[in-house]
Structures are given as C-alpha cells and as structure tokens.
Amino acid sequence: MKLSAMASGIRPSSTLSISAEANRRKAEGVDIINFSAGEPDFNTPENIKEAAIRAINDNFTKYTPYEGIYELRKAVAEELKTEGLEYAPEDIVISNGSKHAIKNALSAITDPGDEIIVPAPYWNSYIDIINMVYGVPVIVQTRKQNIFKVTRAELEKAYTPKTKALIINSPNNPTGAVYSEAELKEIADFAVEKDIFVISDEIYKRLIYSRHLKHISIASLGEDIKKRTIVVDGLSKSFSMTGWRVGYTASDRELAKAIANIQSNSTSNINSVAQAAALEALTGDKGEMINMLKEFQHRRDFIAQRISDIPLLSSILPKGAFYLFVDVSKLLGNSVRGTLLNDSRDVADVLMNSYGVAVVPSDAFGVKNYIRISYATSMRDIVEGANRIEKFVKQNF
Ligand code: GLU
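Throughout what follows, the structure given in this document is the object of discussion. All of these numbers come straight from a predicted model, not from anything done at the bench.

**Considering empty space enclosed by the protein**
Enumeration according to the criterion identifies two cavities of 30 Å³ or more in this entry. When its volume is computed, the largest cavity comes out at roughly 90 Å³. Lining of the largest cavity is provided by V118, P119, P121, Y122, Y126, F148, I167, I168, N169, N172 and Y179. Of all the secondary structure elements, the ones that give two or more residues to the lining of the largest cavity are β3 (115-120) and β5 (163-169). Residues belonging to the lining of the largest cavity are distributed by class as follows: nine nonpolar, two polar and no charged. Size it by volume and the second largest cavity reaches roughly 40 Å³. Together, I168, N169, S170, L184, S200, D201, E202, I216, S217 and I218 line the second largest cavity. If you list the elements that add at least two residues to the lining of the second largest cavity, you get β5 and β6 (197-201).

Right, here's the structure in full:
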C-alpha cells in the first residue's frame, strides 16, 4: 500500500508546526514565548460572539447555500465596494478560512503541470497548496533593497508559456511590506499582457499602520485585471477569529461558479454559526477591531525598536500585517553552545531550545538568513521575548 505521490510530498505547515511545538512545550511547563504563528491573542469581539450565540439559539444550524448565505456575500461585496471593487454577492464564495479559499481558487484554474509564480519570501502554505492541485510552484527571488516586493522584471524572468497564474500578497506575510498602486499597476500590466490569473491574498488588508498608506487591491486597477484576479480574504487576523474559519474569494462570475461547485463537493457550506458571526463582524460595530489595530501598531513600534537596538540584528519596519522579518545573517557561521549556526533554522532552534523563544526561520518562506517574529501576542510576552533575544545575541556574539 502506497500513499499518492502528491500526499507524500506535502509537508506539514511550518508556521502551525512550530507553534504547536511551542504550545506542547508550554503545556509541559517549559517557559516559552511564542512568536511563531500569526494568531492574535485577543478574544473575538463580544458582538461577534453574541451573534453566534443568537444563531445557535435561533436554530441557525442547518445546511446553508454551499457558497455561503446571501447576506454575508452581500456584506463582503459592500465592503469591497468601499475599496473601489464592484462585485455582486454572486461573485463571492465564503470558504473555510482563506487557506481554503486559496485552495479553491487554485483548484479552479490549475491543470496538472501549470506553473504558478510565487514571489519569495512567501507564506509557506502557498507552495504546498500548489502541489496539492498538481501545479508547479515557480519561486521568484525578490530583493531586500526593494523591501522584497516583486517587480515586473523579476516576473518576466520567471514567465514561461506554462505560467498560469501568479500570487501576490499585500500586506505581506512575512515582511509586512505593502505594495503601492504604481507597483501593483506594473504587476497588473504584466498579468494582462501575458493573459494569466492573479491570486491576490489580501488577508492583512485591514492591518495597515499608517494613515498615509491605504490598502489597494490589484483587482481595482481596471476591468482587464479585475476579471483575471481572484481576491482572497478572511476574518481570522483582523477580527481575531482564527478558530471560526471564515474566508472568501471574490472573482469573475464564471470563476465564482467553478469555485462554488468545487466547494459544494468538498466541504459544502462553511459552519452556519460562523457565517452569522462573520456577518456581524462585517456589518456590526467595529470598535474592538479598531482597538486591536491600534494595539498591533503599538506592539510593532515597540518590537521593531527593540530589535534594531540589538547589535547585529536588523529589520525593515513593517507597514502592515503583524510580523517583523529580522535579518540574522551576521550571526551565521558562529557557534553557540556547541551548535554551529549554518542557517536561520539553527538560529530558530537555539532560540527555542536555549532561550525559550519560538520564531519561524525564513527557510519556511523561501529565503535565507531571516527569522519571523509574530507580534500578535501580548505586550508582556513581547517585552520578555525581546529581552531573551537580546540576551542570546549579547551572550554569544
Ligand atoms: N497564517 C499564519 C502564519 O503565517 C497562521 C498559521 C498558518 O496558517 O500558516 O503564521
């Protein structure tokens, strides 16, 4: 008996695995600061929880339309309208989190052997999801000088006649970079000219830390790019709803139908109660969400300053999301407690095993020499984690 070649090639999600390992050690009584998974430490806002409780009490517990309830799809369409995106509720499919939305989107457009361009650093799961749908990930290295944002010239080099789509993620996980309109326009022109799809992962769009910077969806840059873009978003990050599993795709109607068909035969509708909660998140009071955003900004400023004060470490101030991407290249080649630090995995191992700090090494994101710190955790942990990282560097280098 043999597993499929596809299943044998799939790795567990590195972000989730590292976080699970950190939590396992914590449960065993080890003192660990968990800077790994991007999961807000806040409770889901009260009004959202109450909407879910009401839904249960009202017996809203049966199948719903497999693409999601109309009111929720309408609420999504209305939010998108505020970003200059005209979608009808019929163009939206509510999925089990944005990871599932990406899988749905890739399933709808990928034939075996189709190439999907993924700029690195990338969110780790893109690669495995592409492999799951028998696509071929084509990784494009970006430049630190350009804050790791992909350019048209880099995309041109990766393009072949087999290219089917490219993935773009702004604000970016793991760098926190936010693409400008001009940068997106270049990418949009490329996609339109080459006649390829764009999967635009906008899960961090509500988490931007500058009044002068606003989220722009590539799909808003004209009809030609809109019809070939699948916008992906979810509520996990900005509404602290990671466990509820609510994401969606917004796309051209034909694609939306294909995505809905795929979903109807795989998961059916997402949890009905979670849909009621999501409707409240999008249409109800956003006070708690705005407070979370302010707190993330405060944490970002703090951790970015602390890390930049530590000799040998550097990072670029993230403009969005809740990650700090820290350059550890100056630590490599040295030995710490008998372990030679060859790469960022070794740095992450020493931090976890000897200093009780869980971070994600950048190999998981397709680049070398960085670690990712998630600051979606309490200020107390951020202070303590920063102290431990400082101690690690000062004691050993
Ligand atoms: N997206 C988050 C992260 O990058 C959560 C874990 C995951 O699904 O990868 O940490």
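**Description of the pairing of β3**
Burial analysis of β3 places six of its six residues in the buried class, the great majority of the element. Going residue by residue along β3, you find E115, I117 and P119 tucked away on one face and I116, V118 and A120 tucked away on the opposite face as well. Looking at chain direction, β3 and strand β4 (residues 136-141) are connected through six bridges and run parallel. Counterpart to V118 in the pairing with β4 is I139. Following the backbone out of β3, through helix α6 (residues 125-132) and into the adjacent parallel β4, one traces a crossover that is right-handed. Pairing geometry for β3 and β5, over three bridges, is parallel. Pairing of E115 across the sheet is with T163, part of β5.

**Describing helix α12 (residues 287-308)**
Between the first and last C-alpha of α12 there are 32 Å, a value that for 22 residues agrees with the 32 Å anticipated at 1.5 Å per step. Regarding α12, the residues found buried are M289, M292, F296, R299, R300, I303, A304, R306 and I307. End-on view of α12: buried residues confined to an arc of 155°, all on one side of the axis. Of the surrounding secondary structure, the elements contacted by the buried residues of α12 are β9 (314-315), β10 (323-327), β15 (370-374) and α14 (379-396).

Here is what the cut-offs are and how they apply
- Throughout, residues of each chain are indexed from 1 in the direction in which the sequence is written.
- Under the rules for a predicted model, residues below a pLDDT of 70 receive no local features and side-chain atom pairs below 80 are neither given nor counted, while totals for whole chains, interfaces and linings still include all residues.
- Values reported for side chains reflect all heavy atoms of the structure, with hydrogen atoms and water molecules removed beforehand.
- Cavities and pockets are found on a 1 Å grid laid over the protein atoms alone: a cavity is a set of points where a 1.4 Å probe fits but cannot escape, a pocket is an open set with protein on both sides within 12 Å along at least five of seven lines, and a lining residue has an atom within 4 Å of such a point.
- Grid points are joined across faces, edges and corners, and a volume is the space filled by probe spheres set on the points.
- Here a strand is any run of E in DSSP of at least two residues, a helix any run of H or I of at least four, and the numbering for each starts at the N terminus.
- Each residue gets one label: Ala, Val, Leu, Ile, Met, Phe, Trp, Tyr, Cys and Pro are nonpolar, Asp, Glu, Lys and Arg are charged, and the others, such as Gly, are polar.
- Exposure classes here rest on a 1.4 Å probe applied to the protein chains alone. A residue is buried below 20% of its type maximum, exposed above 50%, and partly exposed in between.
- When DSSP finds two or more bridges between two strands, those strands count as paired.
- The definition of a right-handed crossover adopted here requires that, viewed with the strands pointing away, the path from the first strand over the helix to the second runs clockwise.
- In a helix, the anticipated span is given by 1.5 Å times the number of residues less one.
- This arc is taken over the directions from the axis of the helix to the C-beta atoms.
- The contact rule is simple, with two residues in contact once any of their heavy atoms fall within 4.5 Å.

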